[in-house]
Amino acid sequence: MDIATQSEVLLRSAGYETWTWPGGSVPVVCFENASVAGFLHVFGTGESLLADWRQVQQATLGRHAAALRSAGAKAWNVYALFLASDSDPVLARQIERIEEDFSMTRKIARGDLRTAADLRRSLLPLLPVLSAPAIGGADYRARLRARLSDVPDAAVAAFLGAASAPDVARILVDAP
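Keep in mind that what you see is a predicted model, and the values were worked out from it rather than measured. (Residues numbered from 1 in each chain as written. Predicted model: local features only at pLDDT ≥ 70, side-chain atom pairs only at ≥ 80, totals over all residues. Heavy atoms only, no water.)

J.: Describe the overall build of the chain, listing the residues and the values that go with them.
T.: When helices and strands are tallied, the chain shows eight helices and five strands. Across the chain, helices and strands are ordered from the amino to the carboxyl terminus as α-β-β-β-α-α-β-α-β-α-α-α-α. Computed over C-alpha atoms, the radius of gyration of the chain comes to 26 Å, more than 25% over the 16 Å expected from 2.2 N^0.38 for 176 residues, which places it beyond the range of a compact globule. Reported as C-alpha extents along the three principal axes, the dimensions of the chain are approximately 75 × 40 × 25 Å. Within the chain, contacts between residues separated by at least 24 positions form 58% of all contacts whose residues are at least 6 apart in sequence. For the chain, the accessible area works out to roughly 10,500 Å², and carbon and sulfur atoms hold 56% of it. (Helix = DSSP H or I, 4+ residues; strand = E, 2+ residues; numbered from the N terminus. Rg over C-alpha atoms; globule rule 2.2 N^0.38 Å. Contact = heavy atoms within 4.5 Å. Areas by Shrake-Rupley, 256 points an atom, 1.4 Å probe, with all protein chains shown as cover.)

Printed below as a string of structure tokens:
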């Protein structure tokens, strides 16, 4: 899996502008929207990620310091992502502990990214919240009747039938 390209696809679909910065020692994808800016660094192995993330972050931030200083409030929402496709699962916890370093940027660090689903899970903090309700094929009348269990049956029948709003209101007022 090409982590850099797949990340750009995901970030663009979430509304970020993306571009690559070829000046780093590892591939860097820069991304930005109205309130967030960030740098995604792709390492060949988990070992190289653990060994080099600080130096890579410093070089990237140093190169983009002038732009970040002029970014206003967005400068408080700078992310540094450190990702590797090839990593020993034993290193996973060490890699994720990079996120506990709160200096300079907010961080997301993951190794052993083998599938698009792995990558998507890693980028979730930057992606919009999505919800897909599974209502398809439902009997809406039955569902509504179930939810209106505290309303008199005559009022529910009138509401679901051809009664006018004043007729439904009258039934509700006259109900015991």
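J.: So what's going on with the domain arrangement of the chain? Residues and values would help.
T.: For the chain, the assigned domains read domain 1 (3-126) and domain 2 (140-174). Placing a centre on the C-alpha atoms of domain 1 and another on those of domain 2 gives a separation of 55 Å. (Domains from an automatic or database assignment.)

J.: Before we move on, can you summarise the packing of helix 7 (residues 153-160) against helix 8 (residues 165-174) with the specific residues and values?
T.: In a pair of packed helices, the angle between the axes and the distance between the axes together describe the arrangement. Interaxial distance between helix 7 and helix 8 falls to 9 Å at its minimum, and their mutual angle equals 175°. Judged by the inter-axis angle, helix 7 sits roughly antiparallel to helix 8. Residues Ala154, Ala155, Ala158 and Phe159 of helix 7 touch helix 8, and the partners they reach there are Val168, Ile171 and Leu172. A per-class count over the contact of helix 7 with helix 8 returns seven nonpolar, no polar and no charged. (Axes fitted to C-alpha atoms, helices over the stretch in contact; angles between N-to-C directions. Parallel < 35°, antiparallel > 145°, perpendicular 65-115°, else oblique. Nonpolar A, V, L, I, M, F, W, Y, C, P; charged D, E, K, R; others polar.)

J.: Provide a residue-level description of the side chain of Ser7, including the pertinent values.
T.: Note on placement: Ser7 falls in helix 1 (residues 3-13). Note on Ser7: relative accessible area 0%, which makes it buried. Other than its neighbours up to four places away in sequence, Ser7 contacts Leu40, Leu83, Leu119 and Leu123. (Buried < 20%, exposed > 50% of the residue type's maximum accessible area, 1.4 Å probe, protein only.)

J.: Run through the pattern of salt bridges, naming residues and quoting values.
T.: According to the stated counting rule, one finds ten salt bridges in the structure shown. When the shortest N-O distance is used, the salt bridge between Glu32 and Lys74 registers 2.7 Å. Of this pair, Glu32 sits in strand 2 (residues 28-32) while Lys74 sits in the loop between helix 3 (65-69) and strand 4 (78-86), and the two are 42 residues apart along the sequence. For Glu32, a relative accessible area of 27% translates into the label partly exposed. Here Lys74 falls in the buried class, since its relative accessible area comes to 16%. Overlapping salt bridges, with partners in common, bring together Arg54, Asp101 and Lys107 in one network. (Salt bridge = Lys/Arg side-chain N within 4 Å of Asp/Glu carboxyl O.)

J.: Describe the packing of aromatic side chains, listing the residues and the values that go with them.
T.: One pair of aromatic rings is described through two measures. These are the centre distance and the angle between the planes. Enumeration according to the criterion identifies three aromatic pairs in this entry. With centroids separated by 5.5 Å and ring planes inclined at 90°, the aromatic side chains of Tyr16 and Phe31 adopt a geometry described as edge-to-face. One end of the pair, Tyr16, is in the loop between helix 1 and strand 1 (17-21); the other, Phe31, is in strand 2, with 15 residues separating them in the sequence. On the numbers, 6.4 Å between centres and 45° between planes, the contact of Phe43 with Phe82 is tilted. Taken as a pair, Phe43 in strand 3 (residues 37-45) and Phe82 in strand 4 lie far apart in primary sequence, 39 residues in all. (Phe/Tyr/Trp six-rings, centres within 6.5 Å; stacked < 30°, edge-to-face > 60°.)

J.: For helix 5 (residues 116-123), give the residues involved together with the corresponding values.
T.: Turning to helix 5, its buried residues are Asp118, Leu119, Ser122 and Leu123. Along the long axis of helix 5, the arc covered by the buried residues comes to 130°, so they all point the same way. Buried-residue contacts for helix 5 involve helix 1, strand 3, strand 4 and strand 5 (106-110). (Arc of directions from axis to C-beta.)

J.: Tell me what's going on with the nonpolar core, and back it up with residues and numbers.
T.: Phe31, Leu40, Tyr79, Leu81, Leu119, Leu123 and Leu126 are the most contacted members of the largest nonpolar core, which totals 19 residues. For this core, the elements supplying multiple residues, two or more each, are helix 1, strand 2, strand 3, strand 4 and helix 5. At four residues, the largest contribution of residues to this core is made by helix 1. Of all hydrophobic cores here, the second largest spans twelve residues; its members include Val26, Leu49, Trp53 and Ile95. (Core = buried A, V, L, I, M, F, W, Y, C linked by side-chain atoms within 4.5 Å.)

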